[in-house]
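# Chain and residue survey
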Amino acid sequence: MKRLLFSFTAQHKLALIAMLMTSTMAMFGQEKLKLLNVQETTSGYGVYPCGDRHEALVQFVTHEPFGLTFESTHDTQNQMNITVDSIAGKKTYSIVFITQEPGRDYSNRRLTIRVPGFQDYRMPLPLKDKQLFEYTVSDPYSVLRSPFFTYLEKAQESFNNSEYQKAKDNYELCRFCPEYLNDTANILHHIELCDSMLLWYNQAVEADHFFRYHESANAYSKLLIYDGNDKLRQALYNAQHNFDRDCEAMINMGLKQLDEGNLDRASQMLNQVIDNGCTRFTKQANEGLEMVRRARLRKDSHSRTFIVEWSPQNDMFGFTYGSFYNNKTNGWYVTLMANESFFEHFTSHVQGEYKDEEFIYENSWTKKGDDEFPSPENLEYEACITTGPTWHIWMPIYIHAGFGGHYGGFLSFDEEKYDSDYHSTPDNKFLDDYTKKNIFGGADLEAGIVLKYFRFALKFTYRRTFWAYTGDYKDFCKDNVNNFQFGIGFCW
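Summarised in this report is the structure supplied together with it. None of the values given here were measured: they were computed from a predicted structure.

Here we take up the overall build of the protein chain. In terms of regular secondary structure, the protein chain is built from 12 helices and 18 strands. For the protein chain, the proportion of its 492 residues judged to be buried stands at 38%. Within the protein chain, contacts between residues at least 6 apart in sequence are counted, and of these 65% link residues at least 24 apart. Looking at the protein chain as shown, the accessible area adds up to about 29,800 Å², and 56% of this sits on carbon and sulfur atoms.

So, in structure tokens, the structure goes:
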């Protein structure tokens, strides 16, 4: 029994030692696993066009000889939809991930990258719709690594840091490596991109220096398409802010010049606002330019016209003010006419003398035969006002036509009232009491011609009156319906 016990115990000791040795080797082997280098190398804004699907795309690029496997905390192998492209030693793993799904939360998604001989690399992956990310996976400790891939990584790192000249230098070094023959188009594309970035950056800096903020903002916008650096974003914001400030100052100066009558200077500034692309102030600039155009029309055509007029039939004087455009079809005018007695008839009375207990009144007209209601040949006092359009027929001929009102009348002695109400002592009150004002009103239609040359104008007008009420003086009103007016004036 002792020998059997000893034998059993020895076997177990050997097994125990073997297990300890295996475990120790495994522990040492685990400690010797290398670390993976995973860096984000996304170019530009990173947009994955997927229509209305809730998806995002993540790409892992490696130039190493090893392969990659992936495991997700929220996706199975079939759900991850992995595709692999291999060109000239460069492998690209493209994985489409679902970003939204009813009843599931993908915000805590974790992705594990596995490579034989390397420790598992775990990374958080909270994705949103249409996002695109690119990561470069490499072995940072490999002494056998090709200089081509080293230069390539340094170039990408410099580019992401906005060091475009340094990035270009590293891309140029790639051209002296054997791998360049298999990746020529890609390297040349990046060299051209670096040249463009250097050009745009220099243009932005130079434009900023000379206060050409619109050019500066355009250059920064081009840079941000390929480089989302925060400094570039801040520079773009500053350029746009300064540009808007300059636009506002320019529009204010243009409107001020317009108010002061400096039309050429105002037009130059307002056009500059539009040419510079000041979209916020384009409407205001166009309105200002329209005001400049109208002011030039008035200034160049001397359209504003003032004419002094005279009507020989009834000795009326007045004036016409209107617009007679050289470069427009029509304008407007207004005419006002009155005779000297018009302003006196409100307080005047008949004239006469008291003889032999009878008042003999005097006037400038006499009775016509046995007419019971005598009247003068013309109105003693009258005034009229007319307005209407003007038309440019042919230089220097204009025609006008208008519509207005006519007011007038004459004074007479009220014999009937005098006979029924006898007064022995005439005085001013007496004369006022027995002064009869015969008043007529009507509508006027007129038409005529204006000859305008440079700053002078001649006007000929025919006016016809349609009396609204004639009373007992129908024949008298009929004799006072036609009038002719003549005028001379100046333009400015």
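Here the structure, examined in full by the defined rule, presents 1 disulfide. Covalently, cysteine 247 is tied to cysteine 278 through a disulfide, its sulfur atoms 1.9 Å apart. In this structure the cystine formed by cysteine 247 and cysteine 278 twists about its S-S bond by roughly -65°; its chirality is therefore left-handed. With a gap of 31 residues between them, cysteine 247 in helix 7 (residues 230–259) and cysteine 278 in the loop between helix 8 (263–275) and helix 9 (282–301) connect regions that are remote in the sequence. Residue cysteine 278 is classed as buried on the basis of its relative accessible area of 3%. Cysteine 174 carries a free sulfur, and the closest cysteine sulfur to it, the one in cysteine 177, is 5.9 Å from it. Residue cysteine 174 is classed as buried on the basis of its relative accessible area, which comes to 0%.

Once that is clear, we can look at the side chain of arginine 109. Assignment of secondary structure puts arginine 109 in the loop between strand 5 (90–98) and strand 6 (110–114). Classification of arginine 109 as buried rests on a relative accessible area of 1%. Polar contacts involving the side chain of arginine 109 include one to the side chain of aspartate 75, which spans 2.8 Å. Excluding residues within four positions of it along the chain, arginine 109 makes contact with Ser72, Thr73, His74, Asp75, Phe97, Ile98, Met123, Pro124, Leu125 and Leu127.

The subject of this paragraph is the sheet that holds strand 6. Overall, antiparallel pairing links the 3 strands, which are arranged 3-6-7 in an open sheet. Two strands lie at the open edges of the sheet, namely strand 3 (69–72) and strand 7 (121–124), each paired on one side alone. Looking at each pair of strands side by side, their axes are set apart by 25° on average, direction ignored. With 4 bridges connecting them, strand 3 and strand 6 associate as antiparallel partners. For phenylalanine 70, the partnering residue across the bridge sits in strand 6 and is isoleucine 113.

Viewed as axis vectors pointing N to C, helix 6 (residues 213–226) and helix 7 meet at an angle of 155°, and their least axial separation amounts to 8 Å. When the interaxial angle is binned, helix 6 and helix 7 end up roughly antiparallel. Read as a crossing pair, helix 6 and helix 7 show a hand that is left-handed. Contacts from Tyr213, His214, Ser216, Ala217, Tyr220, Ser221, Leu223 and Leu224 of helix 6 reach helix 7 at Leu232, Arg233, Ala235, Leu236, Ala239, Gln240, Asn242, Phe243, Arg245 and Asp246. Per-class residue counts for the contact of helix 6 with helix 7 are 10 nonpolar, 5 polar and 3 charged.

So, about helix 6. Helix length check: helix 6 (14 residues) gives 21 Å between terminal C-alpha atoms against 20 Å at 1.5 Å per residue, within 8%. Considered for burial, the residues of helix 6 that qualify are Tyr213, Ser216, Ala217, Ala219, Tyr220, Leu223 and Leu224. Each buried residue of helix 6 sits inside an arc of 165° when the element is viewed along its axis, so together they form one side. Buried residues in helix 6 make contact with helix 4 (164–174), helix 5 (184–209) and helix 7.

In this section: the nonpolar core. Inside soluble globular proteins, nonpolar side chains tend to come together where they are buried. Among the nonpolar cores identified, the biggest contains 28 residues, and Phe148, Tyr171, Ile187 and Tyr220 are the most heavily contacted of them. Of the residues forming this core, the biggest block, 8 residues, is contributed by helix 5. In this view, tyrosine 220 contacts Ala204, Asp208, Leu232, Ala235, Leu236 and Ala239; residues no more than four positions away in its chain are not counted. Residues Met80, Leu111, Val115 and Met123 belong to the second largest nonpolar core, which totals 21 residues.

Moving on, we come to the pairing of strand 7. Two elements, strand 6 and strand 7, share 4 bridges in a ladder whose sense is antiparallel. Residue pairing for strand 7: threonine 112 is matched across the bridge by arginine 122. Counting the residues in the hairpin turn of strand 6 and strand 7 gives 6 residues, including glycine 117, whose phi is positive at 90°.

Position of phenylalanine 97 among the secondary structure elements: in strand 5. Along the primary structure phenylalanine 97 and leucine 127 are separated by 30 residues, whereas in three dimensions their C-alpha atoms are 8.2 Å apart. Setting aside residues no more than four positions away along its own chain, phenylalanine 97 makes contact with His54, Glu55, Ala56, Val58, Asp75, Met80, Arg109, Leu111, Leu125 and Leu127.

Interhelical geometry of helix 3 (residues 147–160) versus helix 5 gives an angle of 25° and a closest axis separation of 12 Å. The angle between the axes of helix 3 and helix 5 places the two elements in the roughly parallel class. As for how helix 3 packs across helix 5, the hand of that crossing is left-handed. Along the contact surface, helix 3 presents Phe148, Leu152, Gln156 and Phe159, while helix 5 presents Ile187, His190, Leu193, Cys194 and Met197. The residue makeup of the contact of helix 3 with helix 5, split by class, is 7 nonpolar, 2 polar and no charged.

This part covers the sheet that holds strand 14 (residues 381–394). Pairing is antiparallel around the closed barrel formed by 8 strands, whose spatial order is 9-10-11-14-15-16-17-18. Going across the sheet, the axis of each strand differs from the next one's by a mean of 25°, ignoring polarity. Examined bridge by bridge, strand 15 (residues 397–413) and strand 16 (residues 435–453) share 17 bridges and lie antiparallel to one another. When the sheet's bridge partners are listed, histidine 406 is paired in strand 16 with glycine 442.

One pass over the structure, following the stated rule, counts 26 aromatic pairs. A ring pair is formed by phenylalanine 306 and phenylalanine 319, whose centres lie 5.4 Å apart and whose planes are at 20°; its orientation type is stacked. Of this pair, phenylalanine 306 sits in strand 9 (residues 304–311) while phenylalanine 319 sits in strand 10 (residues 316–323), and the two are 13 residues apart along the sequence. Overall, phenylalanine 306 belongs to the partly exposed group, its relative accessible area being 28%. On the accessibility criterion, phenylalanine 319 (32% relative accessible area) is partly exposed. An aromatic cluster is built from Phe60, Phe70, Tyr93, Phe133 and Tyr135, whose rings are joined through pairwise contacts.

Reading the values: rules and limits
For every chain, the first residue of the written sequence is number 1, and numbering continues from 1 onward in sequence order. Totals for whole chains, interfaces and linings use all residues, but because this is a predicted model, local features are given only for residues with pLDDT of at least 70 and pairs of side-chain atoms are given and counted only at 80 or more. Water and hydrogen atoms play no part in the side-chain values, which are based on all heavy atoms of the structure. Runs of E in the DSSP output that reach at least two residues are strands. Runs of H or I that reach at least four are helices, and both are numbered from the N terminus. Accessibility here uses a 1.4 Å probe with only protein chains present; expressed as a share of the type maximum, an area under 20% marks a residue as buried, one over 50% as exposed, and anything in between as partly exposed. We call two residues in contact when some of their heavy atoms are within 4.5 Å. Each accessible area is a Shrake-Rupley result for a 1.4 Å probe, and residues are judged covered by the shown protein chains and nothing else. Cysteine sulfur atoms are paired as a disulfide whenever they fall within 2.5 Å. The term polar contact refers here to a pair of N or O atoms within 3.5 Å; inside protein, the definition further demands a hydrogen-donor-capable atom paired with an acceptor-capable atom, and it admits residues adjacent in sequence only when both atoms are side-chain atoms. At least two bridges found by DSSP between two strands is the condition for calling them paired. Simply put, an axis is a line fit to the C-alpha atoms, just over the touching stretch for a helix, and the angle between two N-to-C directions goes from 0 to 180 degrees. Oblique is the label for every angle not falling under 35 degrees (roughly parallel), over 145 degrees (roughly antiparallel), or within 65 to 115 degrees (roughly perpendicular). If you view the pair so one helix is near and one far, a crossing is left-handed when the near helix is turned anticlockwise from the far one by less than a right angle, and right-handed when it is turned clockwise. In this count, Pro and Cys sit with the nonpolar residues alongside Ala, Val, Leu, Ile, Met, Phe, Trp and Tyr, while Asp, Glu, Lys and Arg are called charged and the others, Gly among them, polar. By definition here, a helix of n residues has an expected span of 1.5 Å times n minus one. The directions considered for the arc run from the helix axis to the C-beta atoms. Put simply, a nonpolar core is a bunch of buried Ala, Val, Leu, Ile, Met, Phe, Trp, Tyr and Cys residues held in one set by side-chain atoms that sit within 4.5 Å of each other. A pair of aromatic rings is counted whenever rings of Phe, Tyr or Trp (Trp by its six-membered ring) have centres within 6.5 Å, and the orientation is called stacked for planes under 30 degrees apart, edge-to-face for over 60 and tilted otherwise.

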